[in-house]
Amino acid sequence: MIFDTTPSQTVGPYFAIGLPFELGPFAVPEGTPGAIHISGTIYDGAGVPIPDFLLETWQADPEGKFADMHGYGGASELGGFRGFARYGVEDGDGTFDIVTVKPGPVAAPPILAGAVQAPHIDISVFARGMLHRCVTRIYFADEAEANAADPALARVPVERRATLLAEPHNGGYRFDIRFQGPHETVFFAV
Amino acid sequence: MTEERRTEPGEVRQIYDPVAETPTSYLREPEGAHPPLDYPPYKSTSLRHPKQPLVYLPQTITEITGPQLGTPQVGETDNDLTIQHGGEPIGERIIVSGRVFDTEGKPLRGTLVEIWQANSAGRYKHRWDRWPAPLDPNFSGAGRCITDNEGRYQFTTIKPGPYPWGNHYNAWRPAHIHFSLLGRAFAQRLVTQMYFPGDPFFPYDPIFNSVRDAPARERMISSFSIHRTVPKWAQAFEWDIYLRGPGATPFEEAH
């Protein structure tokens, strides 16, 4: 490292001027076979839904491949798959809703002994009052076997793992995020 | 270099060599590189930060890849905030430019830079901003561009004004432009603010001072550039942005 990074600052209350866009919530085009909604509510430390936040997701396709050109494992061949969603709201009821496909298992790097990662979605949350993004991961409650072998979940205290599990809901999944309290979501240092 | 096109909603622009130019891990930043999530002088942090310690996430393919988007669709003139309406916005016309690097000094080509800001009176075109400064019908305050082959971005805009906010008695934000950078990997994602040199509000602003290290705060301040001014047209400020670079060893572990 020769240079130091530029520090993070909050997105503030007015990010909606610049960041959300119409197709942002769609990680796949509408009508993609297997498309599902993942929705949930983001709660602050008082248990109150946060009305203003920006949520971004990044994930593999059902084959475990990314819409990315890096070439690790080959790029996704799913038509129109972006794997990235951005949901921004300025005075909502705390809920988000993205359209995507359920990711498949993803290969893990060699240092993790080639373990296969359980299906998961990386999440960044930005908001007024957050001086840096908060990163978490969605795992899926109906993937118990894969979750039990996941190298990242293995680092999460057993009693907190349930905070990372999306529950099946209306043909899609529901995933709530809590910033504080007894069921505080696990956040990660990347 | 190759060109690649995908259908909506993802348009992928490939303008660099992915395998040669992308690291397999990103450095873990030292304590204090970024502001703390819990920072009492900035009151809104109190209910919006995790109380539990962050869990170390091993960097996997998910974190070392990332969206490489020209999305939202970036048009040729999206980086000029002064031509988005019928007339010229009021204020000091400025050119804001710089380069995006990683911490090894390598330019990041082809990465999305998005900005938003208040107008010259310090008022955002946003329904929540209700302080009595005038809105400018010729200024919306949002722009975007993709860095070029040298990692350079450039915007033409109006110098934003400072504005009051409700954090504490007589609180004012120093003039700033919000910046959002996707980088090349989920691990590089950064949202920050660019400030202007010599702003008298610096000592009083908890958001600026949430970065506890003075040299780190300096890295958020642009510099006036006579070289980039355009005679009889625009002042210029330069600001380089550094995103995390490669980790020391592939997939390095915490000790």
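Source: prediction; values computed, not measured. Here the residue numbering is sequential within each chain, running from 1 through the sequence in written order. Starting at A for chains and at 1 for ligands, labels are handed out in the order in which the entities are written. Only residues with pLDDT of at least 70 get local features here, since the model is predicted, and only at 80 or more are side-chain atom pairs given and counted; chain-wide, interface and lining totals rely on the full set of residues.

Let's shift gears to the overall build of chain A. Summing up its helical and strand segments, chain A has one helix and 12 strands in all. Based on the C-alpha atoms only, the size of chain A along its principal axes is roughly 50 × 40 × 40 Å. As a rule, residues whose C-beta atom has 12 or fewer other C-beta atoms within 10 Å are exposed, those with 20 or more are buried, and those in between are partly exposed; C-beta atoms are placed from the backbone. Within the span of chain A, comprising 190 residues, buried residues form 53% of the whole. Note on contacts: each residue gets a C-beta atom placed from the backbone, and two residues are in contact if those atoms are within 7 Å. Long-range pairs, those at least 24 residues apart, make up 70% of the contacts in chain A with a sequence separation of at least 6. Runs of E in the DSSP output that reach at least two residues are strands. Runs of H or I that reach at least four are helices, and both are numbered from the N terminus.

On to the overall build of chain B, then. The number of helices and strands found in chain B is three helices and 12 strands. Classification of the 255 residues of chain B by burial places 44% in the buried group.

The subject of this paragraph is the interface of chain B and chain A. Listed as interface residues are 80 residues of chain B and, on the opposing side, 73 residues of chain A. Among the elements of the structure, helix 1 (18-21), strand 1 (55-56), helix 2 (61-64), strand 3 (112-117), strand 8 (176-181), strand 9 (190-195) and strand 12 (241-243) of chain B are those that each provide at least two residues to the side of chain B that touches chain A. Among the elements that line the side of chain B that touches chain A, the one with the most residues is strand 9 of chain B, at four residues. Throughout this entry, Asp, Glu, Lys and Arg are counted as charged residues, while Ala, Val, Leu, Ile, Met, Phe, Trp, Tyr, Cys and Pro are counted as nonpolar. The remaining residues, Gly among them, count as polar. Of the residues belonging to the side of chain B that touches chain A, the class tally is 40 nonpolar, 26 polar and 14 charged. Where strand 12 (residues 188-189) of chain A lies against strand 1 of chain B, two bridges are found, and the strand directions are parallel. Paired with A:F188 across the strands is B:V55, a residue of strand 1 of chain B. Here, strands pair whenever DSSP counts at least two bridges between them.

Turning our attention to unusual backbone geometry. Residues and elements named next belong to chain B. Although it is not a glycine, N170 sits at a positive phi angle of roughly 55 degrees. Assignment of secondary structure puts N170 in the loop between strand 6 (163-165) and strand 7 (171-173). N170 gets classed as exposed once you count the C-beta atoms within 10 Å, which come to 6. Phi is positive for K232, which is not a glycine, with a value near 55 degrees. Counting through the fold element by element, K232 comes out in the loop between strand 10 (223-224) and strand 11 (235-238). Overall, the presence of 5 C-beta atoms within 10 Å leaves K232 in the exposed class.

So, about the sheet that holds strand 8 of chain B. Residue and element names in this part refer to chain B. Spatially, four strands are ordered 4-3-8-9 in an open sheet, and the strand pairing comes out antiparallel. Whereas interior strands pair on both sides, the edge strands pair on one side only; in this sheet they are strand 4 (142-146) and strand 9. Each strand axis lies, on average, 20 degrees off the axis of its neighbour in the sheet, ignoring direction. As judged from the five bridges shared by strand 3 and strand 8, these two strands associate in the antiparallel manner. Pairing of I115 across the sheet is with F179, part of strand 8. Each axis is a line fitted through C-alpha atoms, taken for helices only over the stretch in contact, and angles between the N-to-C directions span 0 to 180 degrees.

A few words now on the pairing of strand 3 of chain B. Where burial is concerned, most of strand 3 of chain B is hidden: six out of the six residues are buried. By the alternation rule, side chains of strand 3 of chain B split into B:L112, B:E114 and B:W116 and B:V113, B:I115 and B:Q117, which are all buried.

Examined against the element boundaries, A:T6 turns out to sit in the segment before strand 1 (36-43). Exposure remark for A:T6: the 27 C-beta atoms within 10 Å place this residue in the buried category. Once the C-alpha coordinates of A:T6 and A:N147 are considered, the two residues, 141 residues apart in sequence, prove to be 35 Å apart. Those residues within four positions of A:T6 in sequence are excluded, and the remaining contacts are B:L190, B:T192, B:R219, B:M220, B:I241 and B:Y242.

Right, let's get into the environment of A:G24. Of note, A:G24 is situated in the segment before strand 1. A C-alpha to C-alpha distance of 8.9 Å links A:G24 and A:E56, two positions 32 residues apart in sequence.

Residues and elements named next belong to chain B. The predicted model of chain B averages 89 in pLDDT, with 87% of residues at 70 or higher. Segment residues 1-13: pLDDT under 50, and 38 contacts once partners within four positions in sequence are set aside and those in other chains are kept. Contacts of residues 250-255 to residues separated by more than four positions or lying in other chains number 13 contacts, the stretch itself having pLDDT below 50. For this predicted complex, the interface confidence score (ipTM) comes to 0.96, while the overall pTM stands at 0.94. Across the chain, each position has a pLDDT score giving the predictor's confidence in that residue, from 0 to 100.

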